[in-house]
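# Chain and residue survey
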Amino acid sequence: MGNDYIEASRVFHEITKHSYTSIRSSPHFLDWDIKPMPYKIYPGAASVGLPRDLNLSATPTLSALSSYVPAGFSASIETAALTRILFCAGGLTRHKQVGAEEYHFRAAASAGALYPIEIYVAAGAVEGLESGLYHFSPADLRMTGLRRGDWRGYMADAAAKRSSILHARAVIALSAIYWRSEWKYRARAYRYCYWDAGTMLANLLAAAAAEEISADVITAFEDPALEALLGIDGEREGMVALVALGRSDGPAAPSPEIEPLALETIALSSREVAYPDLARMHRESRLVTADEVARVAAAKLDSAPPLPSTSELRFETIASEDSTGLGETIIRRGSSRAFAQDAITAEELATIMAASSEHPQADFPPLTDTYLIVNATDAMEPGAYYYNRQARAFEMLKAGNFRADAGYLCLEQQLGMDCSALVVYMADLERTIRALGNRGYGDAHLEAGILGGRAYLAAYSLGRGATGLTFYDNDTSKFFEPHAAGKSPLLMVALGIPRSRMKS
């Protein structure tokens, strides 16, 4: 029925909600024999080695998170700079053996460390790199050549002739291989794929800013055209977003005629389990015609009802130069496995929230709101808060020790109880899908992932920890009512002092 049939989003959201009862009545046991491989491999295809002397940016992380490079800024992009951006988005940072399983950890956070997001690059004006379409391989820091030629014009045509794509020096395409996440999270994995793409974009945007390269995020495009370009089926692997990097001196030349791409890839598992609800949700969110794309790209949200007014708390923020360099932060970043029940400072929390809350340069409007359960800071009363992103201020909704509530809401995990603050990204999904159609459902989760990914980076740059969490949907909404009436939680990020870093 298509993007305008928004009942698809309503139904999918309801049937993929977690509740105290659903978690217990529908248990899921992992079949380790079919755990999907975390890399997409094109056997026999030619590849290009990327520079291994990365020399990652020493720009303070907080500066990279708050920098804005104007879309019209024309800076060259060298292969080394592109490599740093790709590595910061999805590069392999370390691996660890846990029992019989070897885990390969990457630069950005991923639900369950399953890494469903693939990165493709259309290079058109990158110094030292032949124009062409490539697939980025994080395992060996190489790019597999998929097509020769300049494909920026083709991609711009698929995205309502978006100027940033037509004039970009390179365009990055993100797709999701759903089975990688479905293996653990079943149909709800659709949400998690957008979180993962968002955390990757948080890293990518910060890395681009550190290189003084503009970056524009685009989610309104003709899916079939881009699926044909990348050689993906649009069912097992679907499009998520484009990022236009930099600006060339002139528009891209017309692209070559597209031909079918028939490159063999290695199967991820001996077999896959189908989750029709996820497939249906993705199918109903695809944009097929240029008119659909233009409508979504130009969509505006209805005015939101006024929020209850409460007193605002503002705190000084930490100077950017007091944060670690972006490269060091990304290499150190992980997901904290345990927090100390200890306080961070209000300045640290204010800094993390301010650095992570800027809406990216994108073709979709701001869709999310930020709520918190503050368990322990040195200058804030414990309680539930709304964070006003425009005013950079905290508004108390209710005072009290809600550690037990925080632990319960994030699926009864100790992390929520022990963290210093639990950040909850929420959205009025009904308002969103009425404006953007089913496409807006993914956009909202993507934005939450970007904000959450930025919170990760800001926290680690200050020597603190962070971890992403899922939740009991309706119970979380009820906890923040009446202020959050009509809103749904999209992602939680716990912030605090990792237990292993406690001083003896």
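Scroll up to find the structure this text is about.
So, a few notes on the structure that sits alongside this text.

### Overview of the nonpolar core
- Formed by 139 residues in total, the largest nonpolar core has its most connected members in Ile172, Leu245 and Leu349.
- Considering each element in turn, this core owes the most residues, 15 residues, to helix 8 (residues 189-210).
- Those residues within four positions of Ile172 in sequence are excluded, and the remaining contacts are Ile85, Leu86, Ile119, Tyr120, Val121, Leu204, Ala241, Leu242, Val243 and Leu245.
- Tyr42, Met155, Ala159 and Met239 belong to the second-largest nonpolar core, a separate cluster that totals 25 residues.

### Thoughts on the sheet that holds strand 8 (residues 142-148)
- Here we have seven strands laid out as an open sheet, ordered 1-8-7-5-9-11-10, and antiparallel in their pairing. A single partner strand is all that each edge strand has here, and the edge strands are strand 1 (47-49) and strand 10 (215-218). Within this sheet the neighbouring strands show an average axis-to-axis angle of 30°, counted without direction.
- By the bridge criterion, three bridges tie strand 1 to strand 8 in an arrangement that is antiparallel. Looking at the pairing, Val48 lines up with Met143 of strand 8.
- Helix-sheet contacts for helix 7 (residues 178-185) involve strand 5 (117-123), strand 9 (170-177) and strand 11 (237-245), and the interaxial angle to strand 9 is about 35°.

### A short note on the pattern of salt bridges
- Per the stated rule, a full pass over the model turns up 28 salt bridges.
- A salt bridge links Arg10 to Glu7; its shortest N-O distance comes to 2.9 Å. With a gap of three residues between them, Arg10 and Glu7 both fall in helix 1 (residues 7-15), about one helical turn apart.
- For Arg10, a relative accessible area of 27% translates into the label partly exposed.
- According to the relative accessible area criterion, Glu7 is partly exposed, its value standing at 33%.
- Between Asp157 and Lys161 there is a salt bridge, with its nearest N and O atoms 2.9 Å apart.
- Each of Glu7, Arg10, Glu430 and Arg434 takes part in salt bridges that share partners, so that together they form one network.

Cut-offs applied
Starting afresh in each chain, residues are numbered from 1 along the sequence in its written order. Local features in this predicted model are restricted to residues whose pLDDT is 70 or higher, and side-chain atom pairs enter the listing and the counts only when it is 80 or higher, whereas totals over whole chains, interfaces and linings include all residues. Heavy atoms throughout the structure, all of them, feed into the side-chain values; hydrogens and water do not. Buried residues of nine kinds, namely Ala, Val, Leu, Ile, Met, Phe, Trp, Tyr and Cys, make up a nonpolar core once their side-chain atoms join them within 4.5 Å. Three labels apply to residues, based on accessible area from a 1.4 Å probe with only protein chains included: buried if under 20% of the type maximum, exposed if over 50%, partly exposed otherwise in between. To qualify as a helix, a DSSP run of H or I must reach at least 4 residues; to qualify as a strand, a run of E must reach at least 2; elements of each kind are numbered from the N terminus. The contact criterion used is simple: two residues touch if any of their non-hydrogen atoms lie within 4.5 Å. For two strands to be treated as a pair, DSSP must find at least two bridges joining them. Working convention: axes come from line fits to C-alpha atoms, limited for helices to the stretch in contact. Angles between N-to-C directions cover 0 to 180 degrees. Any Lys or Arg side-chain nitrogen located within 4 Å of an Asp or Glu carboxyl oxygen qualifies as a salt bridge.

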